[in-house]
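Residue-level listing of the chains:
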Protein chains: 2
Amino acid sequence: MKLLSKFTPPQLLIIIFAISIMIGTILLKLPFATIESISWINALFTSTSAMTVTGLAVVDTASSFTLFGEMIILVLIQLGGLGIMSFAVLIAKILGKKIGIKRRLLVQQSLNQNSFGGILTLIKYLFIFSLTIELVGTILLSVVWIPEMGWIKGIYYSFFHAVSAFNNAGFALWQDSLMGYVANPIVNIGITSLFILGGIGFTVLVDIWRTRRFKKLALHTKLMLVGTFTINLAAMLVVFLLEYTNPDTLGSLATLQDKLWASYFQGVTPRTAGFNSLDIASLREPTLFFMILLMFIGGGSASTAGGIKLTSFIVILFAVVSFLRGKEELVISKRAIKQSIILRALAITFLGMLFLVAGVFILSITEKSPFLSILFEVTSAFGTVGLSMGITGSLTMAGKIVIIFIMVLGKLGPLTLAFSIAKPARTKVKYPGEEIITG
Amino acid sequence: MKLLSKFTPPQLLIIIFAISIMIGTILLKLPFATIESISWINALFTSTSAMTVTGLAVVDTASSFTLFGEMIILVLIQLGGLGIMSFAVLIAKILGKKIGIKRRLLVQQSLNQNSFGGILTLIKYLFIFSLTIELVGTILLSVVWIPEMGWIKGIYYSFFHAVSAFNNAGFALWQDSLMGYVANPIVNIGITSLFILGGIGFTVLVDIWRTRRFKKLALHTKLMLVGTFTINLAAMLVVFLLEYTNPDTLGSLATLQDKLWASYFQGVTPRTAGFNSLDIASLREPTLFFMILLMFIGGGSASTAGGIKLTSFIVILFAVVSFLRGKEELVISKRAIKQSIILRALAITFLGMLFLVAGVFILSITEKSPFLSILFEVTSAFGTVGLSMGITGSLTMAGKIVIIFIMVLGKLGPLTLAFSIAKPARTKVKYPGEEIITG
Ligand SMILES: [K+]
Ligand SMILES: [K+]
């Protein structure tokens, strides 16, 4: 503990994260974890992909891992999704230990939370919500998969994909993800509800649970609700219009209803679920480019999602509109937004782009794949999305290492990394009363 | 004049710009302007490309236009480069007319100037500097081209390329731009000096001319000098390292000195000259991607360059670093930078990206070219650069129209367009004493 106190919270978070990934790597390298032995780099990649809830896969999950291996991946997903830090605090709480400032700060960091109070309550809700939602999701998916595979396999598949979906992990036990269920309403509704709930942010869920009336919700909650609805609807429309005549995607589906389900699923998955029910590589270039934008934006703060976060995008959008109107102050929904929030959103976006650009630059040197598939892959890693145009398995060693770094960066957030390098004494930033979480 | 007073300065600027492009289009459509008749869209594209000093060419300049056509292009370049507005004011001044507030605002807008005083002085300097530098450039280039082509053609070529270079127009009278002079020190020094001087911004030149001591220079001037030197050196290094072993570019050059000249030229031309001495399409993907970043950043404010401008990039960079260090205020070189400047830089960058993304999105629908060449083409248009991976000539009608829009947008700046839509009464933004021009 004395050693630990030498580090700042962001540094500690990175260290704990790295150690967890290492343990995961070793476990996945065990002989009984895989059907045929996998390389160290592939074990590291898989462990990182699970722990960061990305879902990019260098080896096919179902055909490469044993049940034990799959369970390791599931545990890593759950650890990564709920945040190792909340686990640590929870365990300490259970053991009756006093929770010090330092440890609170750590959890706060890992949940991208700025306010200090109510962390413990948040974690309590976090666990109750997560387990409840995952349970309900398992039951819902069982309706489809028990009749299809029998009781044991059906429940296992339902549980695995419910956990994977709620944590926005994108790991699936079919090589073609959920393409086999492109037209199945229950799978479509079940999986998307799980990852939207997991990706909108726990603070939003807690606020809705406690408040229940839209008008009284926190500004952050309102922005997330309206923003999520708007961007998902727009994305669904764009996929529908661009892919309608594509014989390899929507064109191959029989009915309008099927096409709508597929448009909806492919519209909402890039921010940052990572499952797919259409073949990603067969999508048209504009659709892929649009998905790249969605992957960069990502889901909600304090959620299982990655990216710069929807609120960062909204704050920047409003700040620009406000500037163009010559306003002195940024006002959203009758609340003044302090400059530090704008600067925070700007810093996250700028750093995100910087890392993205660096990643694309390096991969364009090390890989021979077309530029668009490289840009897609790197953005997918940054947004911890897991969608791929199909180059993950054939990445070079250097390429894999870069993607591993970017997945970790995407999960921890650009600011955590930046603050871990910055001087501790200077990292204190004051936050206003009514805040929007943007990280 | 009564009709004109109904418009805001940004709207007027767009209208005058559009009219000039139309006149250019009609002149280029005249039978004696071209060797073989060109289509209306190609005439419009060429007129826009010249007027916005971009240099993207749907038809080869030298083999398609007569001497008359070339002179039209040169006049459009000079008009576009120095700003039609400064011409208007100058003519009015010569005619002894009183120069009203409205007209001053117009010029201010077209030069991306925020301060009000000294506009007339600036324009005086602008003309003297431009003509002097173009004349010196012509003489310098004549040293190479008169011995090669004889007096008349040699002087004409020197004059054409001096004007084209100083105005960062990128139009050349060789189909392969300056590839024939890749190892010629005089052409390398002459052309790059011209476009760097033209692209750094007139206010910088005036400040250096008047002040002469680095310490006493305006903050804007210091930033531009240090920034230009740093980014050019870095770009030269990147091109050298990435292309050294490429048999189609640096690898084909005989000596180290030749390779260095070519690295230097290709490093400095993307912000926003647009000439090339290596085959752009043969460059490696990472080099092309790096060039895209340079093209987006662009040159200096109040210059012949496009892009978001180097100072916008620097201000955002410093703002992010300042935020990470937990500072309350952005301080550059012991000067406090007001929030409005940060917001302005943010707005320019965000809007620039928005238009870029929209352009790439549309072209990825209308064109069949690889994604990278589309991204390269659109960024080149936005930065009014003129470099291309070779798809300009084969663009579809829709693609040409989009690129025409983006060239105009890139030349006028995203803010001019945005402010032309925004309500006039709200466009007034206060600026501080020590300012950095970011538009
Ligand atoms: K994911
Ligand atoms: K140019």
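Just so we're clear, the structure is a prediction, and the values are computed from it rather than from any experiment.

**Let's talk about the overall build of chain A**
Now for step 1: Helices and strands together make up the secondary structure of chain A, namely 18 helices and 2 strands.
Now for step 2: Each of the 439 residues in chain A was classed as buried or not, and the buried ones make up 60%.
Now for step 3: Carbon and sulfur atoms provide 69% of the accessible area of chain A, an area that totals close to 17,500 Å².

**Some thoughts on the coordination of the potassium ion (ligand 2)**
Residues and elements named next belong to chain B.
Now for step 1: At this site the potassium ion (ligand 2) is bound by Val53 (O), Thr54 (O), Asn168 (O), Thr272 (O), Ala273 (O), Thr384 (O) and Val385 (O), with donor distances of 2.4 to 2.8 Å.
Now for step 2: Ordering the donors of the potassium ion (ligand 2) by residue number gives the pattern V-T-x113-N-x103-T-A-x110-T-V. Placement of the pair is Asn168 in the loop between helix 8 (151-166) and helix 9 (185-199) and Val385 in the loop between helix 16 (371-382) and helix 17 (397-412), with a sequence separation of 217 residues. Neither residue differs from the other here; Asn168 and Val385 are each classed as buried.

**Here we look at the confidence of the model for chain A**
Residue and element names in this part refer to chain A.
Now for step 1: Across chain A, the average pLDDT comes to 84, with 85% of residues at 70 or higher.
Now for step 2: Looking over chain A, one finds the lowest element-wise mean pLDDT in helix 5 (residues 84-94), namely 60, and the highest in helix 16 (residues 371-382), namely 95.
Now for step 3: Contacts of residues 423-435 to residues separated by more than four positions or lying in other chains number 25 contacts, the stretch itself having pLDDT below 50.

**Some points on a positive patch on the surface**
Residues and elements named next belong to chain A.
Now for step 1: A cluster of like positive charges, contributed by Arg213, Lys215, Lys216 and Lys334, occupies part of the molecular surface.
Now for step 2: Here Lys215 shows up in the loop between helix 10 (202-211) and helix 11 (219-243).
Now for step 3: The class for Lys215 is exposed, based on a relative accessible area of 72%.

**Observations concerning the relation of the copies chain A and chain B**
Now for step 1: Structural alignment of chain A on chain B gives an RMSD of 0.0 Å, achieved by rotating through 180 degrees and translating 0.0 Å along the axis. Expressed as an axis order, the relation between the two copies is that of a two-fold axis.
Now for step 2: When the interface residues of chain A are mapped onto chain B, 100% of them again lie at the interface, so the same face is used by both copies.

**Comments concerning the interface of chain A and chain B**
Now for step 1: Facing the 45 residues of chain A at the interface are 45 residues of chain B.
Now for step 2: Buried area between chain A and chain B, both sides added, is near 4,000 Å², and the carbon and sulfur share of it is 80%.
Now for step 3: A per-residue breakdown of the area chain A buries against chain B is headed by Phe323(A), Leu324(A) and Phe371(A), which together make up 19% of the total.
Now for step 4: For the pair chain A and chain B, the number of links is 0 salt bridges.
Now for step 5: Scanning the region where chain A abuts chain B turns up 0 residue pairs in polar contact (both at pLDDT 80 or more).
Now for step 6: Of all elements in the fold, only helix 11, helix 13 (285-297), helix 14 (310-324), helix 15 (339-366), helix 16 and helix 18 (414-421) of chain A reach the threshold of two or more residues within the side of chain A that touches chain B.

**Description of the coordination of the potassium ion (ligand 1)**
All names here are of chain A.
Now for step 1: Looking at the metal site, the potassium ion (ligand 1) is ligated by Val53 (O), Thr54 (O), Asn168 (O), Thr272 (O), Ala273 (O), Thr384 (O) and Val385 (O), spaced 2.4 to 2.9 Å from it.
Now for step 2: Of note, the donors binding the potassium ion (ligand 1) are all from one chain and are spaced V-T-x113-N-x103-T-A-x110-T-V. Separated by 332 residues along the polypeptide, Val53 in the loop between helix 2 (40-51) and helix 3 (61-64) and Val385 in the loop between helix 16 and helix 17 (397-412) bring together distant segments of the chain. Taken as a pair, Val53 and Val385 share a single burial class, namely buried.

**A few points about the packing of aromatic side chains**
Now for step 1: All told, the structure shown has 29 aromatic pairs over all chains when counted by the stated rule.
Now for step 2: Aromatic pair Tyr157(A) and Trp174(A): ring centres 5.2 Å apart, planes at 70 degrees, arrangement edge-to-face. On the criterion of sequence distance, the pair formed by Tyr157(A) in helix 8 (residues 151-166) and Trp174(A) in the loop between helix 8 and helix 9 (185-199) is long-range, its members being 17 residues apart.
Now for step 3: The buried category is assigned to Tyr157(A), whose relative accessible area is 12%.
Now for step 4: Ring centres of Phe296(B) and Phe382(B) lie 5.5 Å apart, and the angle between their planes is 25 degrees; this geometry places the pair in the stacked category. Of this pair, Phe296(B) sits in helix 13 (residues 285-297) while Phe382(B) sits in helix 16, and the two are 86 residues apart along the sequence. The pair Phe296(B) / Phe382(B) is uniform in exposure class, with both members buried.
Now for step 5: Within the aromatic cluster, the residues linked to one another by ring pairs are Trp145(A), Tyr156(A), Tyr157(A), Phe160(A), Trp174(A) and Tyr181(A).
Now for step 6: Here the guanidinium or amino end of Lys259(A) rests over the ring plane of Tyr244(A), the centre of that ring lying 5.2 Å away.

**Focus: a nonpolar patch on the surface**
Residue and element names in this part refer to chain A.
Now for step 1: A cluster of nonpolar residues, Ile19, Ile23, Leu27, Phe32 and Phe68, forms a patch on the protein surface that exposes about 450 Å² of accessible area.
Now for step 2: Here the element with the most residues in the nonpolar patch is helix 1 (residues 9-29); it accounts for 3 residues.
Now for step 3: Counting through the fold element by element, Leu27 comes out in helix 1.
Now for step 4: Here Leu27 falls in the partly exposed class, since its relative accessible area comes to 30%.

**Topic: the packing of helix 2 (residues 40-51) of chain B against helix 17 of chain B**
Residues and elements named next belong to chain B.
Now for step 1: Where helix 2 contacts helix 17, the axes come no closer than 10 Å and their chain directions differ by 20 degrees. Here helix 2 is positioned roughly parallel relative to helix 17, judged by the angle of their axes. Regarding helix 2 and helix 17, the two cross each other, and that crossing is left-handed. On helix 17, the residues that touch Ile41, Asn42, Leu44, Phe45, Thr48 and Ser49 of helix 2 are Met397, Lys400, Ile401, Ile403, Ile404, Met407 and Val408.
Now for step 2: A breakdown of the residues in the contact of helix 2 with helix 17 according to their chemical character gives 9 nonpolar, 3 polar and 1 charged.

**A look at helix 4 (residues 67-82) of chain B**
Residue and element names in this part refer to chain B.
Now for step 1: The terminal C-alpha atoms of helix 4 lie 22 Å apart, and with 16 residues this matches the ideal 22 Å at 1.5 Å per residue to within 8%.
Now for step 2: Within the sequence span of helix 4, burial applies to Gly69, Glu70, Ile72, Ile73, Leu74, Leu76, Ile77, Gln78, Gly80, Gly81 and Leu82.
Now for step 3: Taken from the residues just after helix 4, Gly83 is the one with a positive phi, measuring 95 degrees.

**Concerning the environment of Gly137(B)**
Now for step 1: The residue Gly137(B) is located in helix 7 (residues 119-149) in this model.
Now for step 2: Taking C-alpha positions, Gly137(B) is 8.7 Å from His161(B), a pair spaced 24 residues apart along the chain.

**Observations concerning the environment of Ser164(A)**
All names here are of chain A.
Now for step 1: Here Ser164 lies in helix 8.
Now for step 2: Judged by relative accessible area, Ser164 falls into the buried class, the value being 0%.
Now for step 3: Between the C-alpha atoms of Ser164 and Val53, which are 111 residues apart in sequence, the distance is 8.1 Å.

**Describing the environment of Ala33(B)**
Residue and element names in this part refer to chain B.
Now for step 1: When you line up the elements, Ala33 lands in the loop between helix 1 (9-29) and helix 2.
Now for step 2: A residue is classified by how much of its surface remains accessible, and Ala33, at 0% relative accessible area, is buried.
Now for step 3: Distance in space between the C-alpha atoms of Ala33 and Thr66 is 5.3 Å, their sequence separation being 33 residues.
Now for step 4: The contacts of Ala33, once residues within four sequence positions are left out, are Leu27, Leu28, Ser64, Phe65, Thr66, Phe68 and Gly69.

**Remarks on the side chain of Glu243(B)**
Residues and elements named next belong to chain B.
Now for step 1: Structurally, Glu243 can be placed in helix 11 (residues 219-243).
Now for step 2: A polar side-chain atom of Glu243 sits 2.8 Å from a polar atom in the side chain of Asn246.
Now for step 3: Looking at Glu243, its side chain comes within polar contact range of the main-chain nitrogen of Arg284, at 2.8 Å.
Now for step 4: Not counting residues up to four positions away in its chain, the partners in contact with Glu243 are Thr249, Leu250, Gly251, Leu283, Arg284 and Thr287.

How each quantity is defined
Note that residues are indexed from 1 along each chain, following the sequence as it is written. Going through the entries in the order they are written, you letter the chains from A and number the ligands from 1. Given that the model is predicted, a residue must reach a pLDDT of at least 70 before its local features are reported, and side-chain atom pairs must reach 80 or more before they are shown or counted; all residues, however, enter totals for whole chains, interfaces and linings. Note: side-chain values were computed over all heavy atoms of the structure, leaving out hydrogens and water. Comment: elements are numbered from the N terminus, with helices defined as DSSP H or I runs of at least four residues and strands as E runs of at least two. Exposure is judged per residue with a 1.4 Å probe applied to protein chains only, and the accessible area is read against the type maximum: over 50% gives exposed, under 20% gives buried, and values in between give partly exposed. All accessible-area figures derive from a Shrake-Rupley calculation using a 1.4 Å probe, and residue coverage is judged against the displayed protein chains alone. Only nitrogen, oxygen and sulfur atoms qualify as donors, provided they sit within 2.8 Å of the metal or within 3.2 Å for Na, K and Ca; with water excluded from the atoms, sites may seem incomplete. Each residue gets a pLDDT score, which is the predictor's confidence in that residue and runs from 0 to 100. Any two residues whose heavy atoms approach within 4.5 Å are treated as being in contact. Residues with no salt bridge and a relative accessible area higher than 30% make up the patches, which join like charges within 9 Å and nonpolar side chains (Val, Leu, Ile, Met, Phe, Trp, Tyr) within 5 Å. Put simply, a salt bridge is a Lys or Arg side-chain nitrogen that is within 4 Å of an Asp or Glu carboxyl oxygen. The charge count includes Lys and Arg as positive and Asp and Glu as negative, but it does not include His or the ends of the chains. In plain terms, the charge of a residue is placed at NZ if it is Lys, CZ if Arg, CG if Asp and CD if Glu. Only residues with pLDDT of at least 70 in both copies count here: their C-alpha atoms drive the least-squares fit that superposes the copies. The term buried area means the drop in 1.4 Å probe accessible area that two parts suffer when joined, counted for both and summed. Two N or O atoms count as a polar contact when they lie within 3.5 Å, although within protein this holds only if one can serve as hydrogen donor and the other as acceptor, and sequence-adjacent residues are included solely when both atoms are side-chain atoms. Between 30 and 60 degrees the pair is tilted, below 30 it is stacked and above 60 it is edge-to-face, where a pair is any two Phe, Tyr or Trp rings, Trp via its six-membered ring, whose centres lie within 6.5 Å. Sitting over a ring, as applied to charges here, requires NZ of Lys or CZ of Arg to be within 6 Å of the ring centre and within 35 degrees of the ring normal. Axes, fitted as lines to C-alpha atoms, cover a helix only where it is in contact. Angles between the N-to-C directions of the axes lie from 0 to 180 degrees. Working rule for angles: under 35 degrees goes down as roughly parallel, over 145 as roughly antiparallel, 65 to 115 as roughly perpendicular, anything else as oblique. Crossings are classed by handedness, with left-handed meaning an anticlockwise turn of the near helix from the far one by less than a right angle and right-handed meaning a clockwise turn. Here the nonpolar group is Ala, Val, Leu, Ile, Met, Phe, Trp, Tyr, Cys and Pro; Asp, Glu, Lys and Arg are the charged ones; every other residue, Gly included, is treated as polar. What a helix should span is 1.5 Å times the count of its residues minus one.

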